Every structure is written in C-alpha cells, then in structure tokens.
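Notes for the structure review
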Amino acid sequence: MSSNTITTKDGTQIYYKDWGTGQPIVFHHGWPLSADDWDAQMLFFLDKGFRVIAHDRRGHGRSSQTATGNDMDTYSADMAELAAHLDLKGAIHVGHSTGGGEVARYVAQHGGNGRVAKAVLIGAVPPVMVKSEKNPGGLAIEVFDGFRAALAANRAQFYYDIPSGPFYGFNRPDAKVSQGVIDNWWRQGMMGGTKAHYDCIKAFSETDFTEDLKKIDVPVLVMHGDDDQIVPIADSAPLSAKLLKKGTLKIYKGFPHGMATTHADIINADLLAFFKS
C-alpha cells in the first residue's frame, strides 16, 4: 500500500492513495472533501481484489492549496497526469457530486485508448446545476452566491452546517445522526484551501457537461438518491442517463446526497455488481 504525490505541469502537488493490485478503480471526491471520503469504498474493494486509487483534487485535502486552475478542465488534466504516472489501463472511474463532473470531463477528454473501462456517477452534478434559459429546471444562481457568501463569512461554521443538515439528510425527522460523520466532513473540508473551495463552487455549479456525456462510449452507471438535497434529482441523474450512449439509471428511494457513506453496504454491493457485469 502506498500514498504519494505527483507534481503536475504547473507545479501543483496532487496527493493520492494507491492500494492493492488488479483492475484499478479511481475514486473522485466531492466538494470540499478529500480522498478520505471514500474510506468505506476503498476498504471494501481492496478486499475484493481491486486496485483502489483516490486523489485529493487540487486545492483540496493534502494537495496544493492552489489559487489558480480550480476548474473542470484543469481538474481533468490533473487526473490525466496522475493516470499516466500510474500507467492506468482498463480503469473504472467513480465520481461523487463534483467528482462526478470531473469523471464526465476526464472520460470524455482523456479516456480513450483503453484507459477507461467503465464509469459511475453518484449524486453527481452533470449535466449542469445552475438555472438558465437552456436549463430551466436548475437551481438559481443565488443559491450558489449564498454558498460563496457563507464560505467567505465563516467557513468553519458553514462546514458544520452542511453535513449536519442536508448533505447526509441529517435534517430529516427519522435520520440516524452520526457526529463522527459530521466531524469527519468538517475535518476534510478545513484541510483544503479557501480560495480553491470558493472557485470550485463556480466549477461544480456552472460547468455544462452535456457534450462530455454525449461523447462517453463506455458503460456508465448513474446512481442518485431521490431525497438528495444538494444535487436535486430532477435536474441531474435522469437527464445524464439520457445523454449517455450506454447509461444505466438507478434511483434510491429516500437516500441522501452522501449515500455512499450513510448507505455504504447497499451502494458498495451495487457498485460491485456493475463492475462485474
């Protein structure tokens, strides 16, 4: 087992974990988290004989706290450099939330020549989150302006409010609240750079992945909870599945945005079935 860093062409250090052997699975985390958000998946799939890899996106976790390059094109280019460094072939790329956007852009732009075998989008931001004339069902720009204002005003408090409320559905009446999960979300968030996190709000909310989704020709599993309060399902997963050439949509009744943590046993079993199919 190893964890290490690579230095990208613009001098950014990208931290990654790379454990095991076998077919590689690459996990792409959500905003404003880190590779640690995939603990429940990394252990499970390592035990199943896969090589498991997760990186901290630039500006997040243990990677450089970048002031520039906090956009989807650069995120996917960073991933391409990491994939080349690790000589990944036939890899499965799994992205949650913002990481789902990163997967869509990476697979569309850099996934040829046998580098990618399959992909998974979990509670993912594609096709595009922000409301516009082309995307009338999206969220108003004011929602994301509110995110930016809250981050700038008191990031530490904002990073408690998100996981203790909508992210894991802990604001629902019947929720089984885990303080450890909340604290771990806060810990991961506060490790990253505030400028990079501020910029990433624009990247995950305003990037249009429509053309990326259309280009992808490998099988893609699109997983989404119908009680996702962060990336509402109506304007995301069903639209993505329709745009994909080989998309499969799986909807989870009552599951929250952070379902890979709160319902890891179910999500892991369904991922394994897709990987083996």
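The text that follows walks through the structure, step by step, so that each part is easy to find. Residue numbers restart at each chain and count upward from 1, following the sequence in its written direction. Local features in this predicted model are restricted to residues whose pLDDT is 70 or higher, and side-chain atom pairs enter the listing and the counts only when it is 80 or higher, whereas totals over whole chains, interfaces and linings include all residues. In computing side-chain properties, one takes all heavy atoms of the structure into account and sets aside hydrogens as well as water.

**Regarding the overall build of the protein**
As a reminder of what qualifies: Note on conventions: DSSP H or I runs of at least 4 residues are helices, E runs of at least 2 residues are strands, and numbering of each starts at the N terminus. Accessibility here uses a 1.4 Å probe with only protein chains present; expressed as a share of the type maximum, an area under 20% marks a residue as buried, one over 50% as exposed, and anything in between as partly exposed. Contacts between residues were defined by any pair of non-hydrogen atoms, one from each residue, lying within 4.5 Å. The Shrake-Rupley method, run with a 1.4 Å probe, gives the accessible areas here. Residue values count only the displayed protein chains as cover. Positive residues here are Lys and Arg, negative ones are Asp and Glu, while His and the chain termini are left out of the count. For this purpose, a charge sits on NZ of Lys, CZ of Arg, CG of Asp or CD of Glu.
Counting secondary structure elements, the protein contains ten helices and eight strands. Projected onto its principal axes, the C-alpha positions of the protein cover 40 × 40 × 40 Å. Looking at the 277 residues of the protein, the share that counts as buried comes to 54%. Long-range contacts, defined here as pairs at least 24 residues apart, represent 76% of the contacts in the protein between residues at least 6 apart. For the protein, the accessible area works out to roughly 11200 Å², and carbon and sulfur atoms hold 53% of it. Averaging the coordinates of the 28 positive side-chain charges in the protein and doing the same for the 31 negative ones gives two points 5 Å apart.

**Some points on the pairing of strand 6 (residues 116–122)**
Our working definition: In this analysis, strands are considered paired if DSSP registers two or more bridges between them. When the strands point away from the viewer and the path from the first strand over the helix to the second turns clockwise, the crossover is right-handed.
Burial analysis of strand 6 places six of its seven residues in the buried class, the great majority of the element. For strand 5 (residues 91–96) and strand 6, the ladder comprises six bridges, and the chain directions are parallel. Considered in strand 6, the bridge of Gly95 is made with Leu121. Of the crossover connections in this fold, the one passing from strand 5 over helix 3 (residues 98–110) to the parallel strand 6 is right-handed.

**Things to note about the packing of aromatic side chains**
The geometry of an aromatic ring pair is captured by two quantities: the separation of the ring centres and the angle between the planes. This is how it is decided: Ring pairs shown here join Phe, Tyr and Trp side chains whose ring centres sit within 6.5 Å, with only the six-membered ring taken for Trp; geometry is labelled stacked below 30 degrees between planes, edge-to-face above 60, and tilted in between. Here, over-ring charges are defined by two tests on the NZ atom of lysine or the CZ atom of arginine: distance to the ring centre within 6 Å, and angle to the ring normal within 35 degrees.
This structure, assessed with the given rule, holds 21 aromatic pairs. Taken together, a centroid distance of 6.3 Å and an interplanar angle of 55 degrees make the contact between Phe274 and Phe275 tilted. Each member of the aromatic cluster is reached from another via a ring pair, and the members are Trp31, Phe144, Phe147, Phe158, Tyr159, Phe167, Tyr168, Phe170, Trp185 and Phe204. When the ring centre of Tyr75 is taken as origin, the NZ or CZ atom of Arg57, which lies over that ring, is 5.4 Å away. Looking at Lys118, its charged tip hangs above the ring of Phe274, at a distance of 5.0 Å from the centre.

**Concerning the pairing of strand 3 (residues 24–28)**
Each regular strand displays side chains that alternate between the two surfaces of the sheet. Counting buried residues in strand 3 gives five out of five residues, a clear majority hidden from the surface. With burial as the criterion, each face of strand 3 is covered, one bearing Pro24, Val26 and His28 and the other bearing Ile25 and Phe27. In terms of strand pairing, strand 3 meets strand 5 through four bridges, oriented parallel. Considered in strand 5, the bridge of Val26 is made with His93.

**Focus on unusual backbone geometry**
Working note: non-glycine residues mostly have negative phi, and peptide bonds are mostly trans. Cis geometry is adopted by the peptide bond preceding Pro32, which originates at Trp31 and carries an omega value of -10 degrees. By secondary structure assignment, the location of Pro32 is in the loop between strand 3 and helix 1 (39–47). Between Pro126 and Pro127 the backbone carries a cis peptide bond, its omega angle lying at 5 degrees. Checked against the element boundaries, Pro127 lands in the loop between strand 6 and helix 4 (141–164). Backbone geometry places Asp87, a non-glycine residue, at a positive phi of 55 degrees. Checked against the element boundaries, Asp87 lands in the loop between helix 2 (72–85) and strand 5. Located in the positive-phi region is Ser97, a residue other than glycine, with phi close to 60 degrees.

**Some details on the pattern of salt bridges**
To keep things clear, this is the line we draw: By convention in these notes, a salt bridge is any Lys or Arg side-chain nitrogen within 4 Å of a carboxyl oxygen on Asp or Glu.
Enumeration over the complete set of coordinates arrives at 18 salt bridges. Close ionic contact of Arg187 with Asp36 constitutes a salt bridge, the shortest N to O distance being 2.9 Å. Pair noted here: Arg187 is in helix 5 (residues 179–191) and Asp36 is in the loop between strand 3 and helix 1, with a separation of 151 residues, a long-range link. Relative accessible area serves as the criterion here: at 34%, Arg187 is assigned to the partly exposed category. The salt bridge partner of Lys202 is Glu206, with a shortest N-O separation of 2.9 Å. Taken as a pair, Lys202 and Glu206 lie in helix 6 (residues 194–206) at a separation of four residues, close to a single helical turn. Among the charged side chains, a salt-bridge network with shared partners connects Lys17, Asp36, Asp39, Asp56, Arg62 and Arg187.

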